[in-house]
Amino acid sequence: MTPPRKARPNMNYSEAIRYIDDRFVSFQTVGRTAYRGGLEAIAAMCRRMGDPQHRYPTLHIAGTNGKGSVAHMLAAILQAAGYRTGLYTSPHLHDFRERIRIDGVPIPEEDVCAFLERHAAAMEQEGLSYFEMTTAMAFDCFARHEVEIAVIETGLGGRLDATNIITPLLSIITNIGLDHCDLLGDTIARIAGEKAGIIKPSVPVLIGETHPESRPVFVARAAACGAPITFADTCYTCTAKEEHGTYARYTLRRLADGAEATYDLDLTGDYQQKNLATVRTAVDLLRNGSPFVPGDEALHTGLRHAAASTGLRGRWQVIGQAPLTVADGGHNPAGLTETMRQLAACRYDRLYMIVGFAADKDLEHILAMLPTEAYYFFTQADSPRALPAERLAELGARHHLHGETAPTVNDALERARSLATPQDMIFVGGSFYLIAGIV
């Protein structure tokens, strides 16, 4: 058996990534066994580094769905306003450096290598997980590059998430749905309790969507912390959406006075209507209670180029025309509900579905949501967590989903395109790791 690699001076980027993959166990690779709830290790590591996470203001974002889109939109707006902006998200699709960006640009390869050379021994002593290691790297990178503000997305949950050692200007929780129930709880209220753990004393908190089961949890936590709480869907609502090629034009109504404004957004999924209301409310809260005051021009410019300027992919992303081909990484019941609703509204002669899922997902529930009239290509991501395509096809047949298997997503896409006419539609989804092969 080959011993694990060690960090060494003057390693190149390829060697650094191999070291990371050898030494740190990732959720992408092994699933729940990589999750270690608790803040002791990351806090100890950051103390060794001089607590870099306290050297710049932050926004902290959690939620079952939408937290990535909201994080990217807010980062794009702050960038457009001229602030040097850090952005920390997960997972990455192609390159590890996608997780850590400054003004939309991934962390330099040499920074990854230098961080490991400085801190690998300490991180191994503290027993950091893959996500804790990445979080420490992001905090250090943002401090060293002197960002003016950083947008920080949680990984999983909130209360025990490695990012939860920051004290932000604003805490944001987009929504609550049933996902990762084995780790976070099997009810909306229990999961809300975990997400509510990011609420800090006296720090304003913004909740994206009101839910009867989660609302009391958030209100109680905010009251206990003395944290002002706002629900975005009581501030703004989207009244219209128009498609304009590569972007969509959304009309938001401010509920306090009925005033309306339109915003162009290069994220065209219907579910972005809720995320946009959350982002718009967040901008109001920043303008009224922080040193960061993005003007209307920055707001419009940032949204118009949100995905392009921050590298966001895989959210109702159109990757082809004639036939219309869309990739979306939604992978839990709440997210797929929105995606399937938009898919049902699309016009096509025949629908081809390319799907692959992680084996630990609630597949009985998920497969029951998929359209039975489509022709399916059951495939799998290049990940140990992926459910084998043949097994997925067997489960799909129980839900009257019929088609064929393909060894990879690219094989499936090639086959679907060979069968489809220009009037048909191809949808690729079920996992960000799956669509990483084509976006």
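The following refers to the structure shown. (Residues numbered from 1 in each chain as written. Predicted model: local features only at pLDDT ≥ 70, side-chain atom pairs only at ≥ 80, totals over all residues. Heavy atoms only, no water.)

**Here we look at the pairing of strand β11 (residues 260–265)**
So, step 1. Alignment of strand β10 (residues 247–254) against β11, held across 6 bridges, turns out to be antiparallel. Bridge pairing links Arg-253 to Glu-260 in β11.
So, step 2. Adjacent in sequence and paired antiparallel, β10 and β11 are bridged by 5 residues, among which Gly-258 carries a positive phi angle near 80 degrees. (Pairing = 2+ DSSP bridges. Helix = DSSP H or I, 4+ residues; strand = E, 2+ residues; numbered from the N terminus.)

**Brief notes about the packing of aromatic side chains**
The relation between two aromatic rings is expressed through the spacing of the ring centres and the mutual angle of the planes.
So, step 1. Under the defined criterion, the tally for this structure stands at 10 aromatic pairs.
So, step 2. On the basis of an interplanar angle of 85 degrees and a centroid distance of 6.2 Å, the ring pair of Phe-96 and Tyr-130 is categorised as edge-to-face. Placement of the pair is Phe-96 in the loop between β2 (85–88) and β3 (100–102) and Tyr-130 in helix α6 (residues 130–144), with a sequence separation of 34 residues. You'll find Phe-96 and Tyr-130 in the same group, each marked buried.
So, step 3. The lysine or arginine in question, Arg-215, covers the ring of Phe-231, its NZ or CZ lying 4.8 Å from the ring centre.
So, step 4. Positioned above the aromatic ring of Tyr-247, the side-chain terminus of Arg-304 is 3.7 Å from the ring centre. (Phe/Tyr/Trp six-rings, centres within 6.5 Å; stacked < 30°, edge-to-face > 60°. Buried < 20%, exposed > 50% of the residue type's maximum accessible area, 1.4 Å probe, protein only. Lys NZ or Arg CZ within 6 Å of the ring centre and 35° of its normal.)

**Structural notes on unusual backbone geometry**
So, step 1. In this chain, Ser-90 is followed by Pro-91 through a cis amide linkage whose omega measures -5 degrees.
So, step 2. Omega for the bond connecting Ala-322 with Pro-323 falls within 30 degrees of zero, at 10 degrees, which places this linkage in the cis form.
So, step 3. Locating Pro-323 in the fold gives a position in the loop between β12 (317–320) and β13 (324–328).
So, step 4. One non-glycine residue with positive phi stands out, namely Glu-146, at about 55 degrees.
So, step 5. Looking at the secondary structure, you find Glu-146 in the loop between α6 and β5 (149–153).
So, step 6. Given the relative accessible area of 63%, Glu-146 is considered exposed.

**Some details on the environment of Ala-359**
So, step 1. Position of Ala-359 among the secondary structure elements: in the loop between β14 (351–355) and α14 (363–367).
So, step 2. Between the C-alpha atom of Ala-359 and that of Pro-91, which follows or precedes it by 268 residues, the distance is 17 Å.
So, step 3. Leaving out residues up to four positions away in the same chain, Ala-359 has contacts with Arg-385, Ala-386 and Leu-387. (Contact = heavy atoms within 4.5 Å.)

**Description of the state of the cysteines**
So, step 1. The final tally for this structure, using the stated rule, is 0 disulfides.
So, step 2. Cys-46 takes part in no disulfide bond, and the closest cysteine sulfur to it belongs to Cys-141, at a distance of 13 Å.
So, step 3. Judged by its relative accessible area of 0%, Cys-46 is buried. (Disulfide = S-S within 2.5 Å.)

**As for the pairing of strand β16 (residues 402–405)**
So, step 1. For strand β15 (residues 375–378) and β16, the ladder comprises 4 bridges, and the chain directions are parallel. By the bridge assignment, Phe-377 is partnered in β16 with Glu-404.
So, step 2. Once the chain exits β15 it traverses helix α15 (residues 389–398) before rejoining the sheet at β16, and the crossover so formed is right-handed. (Right-handed = clockwise from strand over helix to strand, strands pointing away.)

**A short note on the sheet that holds strand β8 (residues 229–231)**
So, step 1. On the basis of which strands lie adjacent, the open sheet formed by 8 strands has the order β4-β3-β2-β5-β1-β6-β7-β8 and mixed pairing. Because the sheet does not close on itself, it has two edges, and the strands there are β4 (105–106) and β8.
So, step 2. Pairing analysis gives 2 bridges linking β3 to β4, with the strands arranged antiparallel. Bridge pairing in β4 links Ile-102 to Val-105.

**A short note on the environment of Gly-68**
So, step 1. Here Gly-68 is to be found in helix α4 (residues 67–80).
So, step 2. Residue Gly-68 is classed as buried on the basis of its relative accessible area, which comes to 6%.
So, step 3. Through-space distance from the C-alpha of Gly-68 to that of Thr-89 is 6.7 Å; in sequence the pair is 21 residues apart.
So, step 4. Leave out the neighbours within four places in its chain, and Gly-68 touches Glu-153 and Arg-315.

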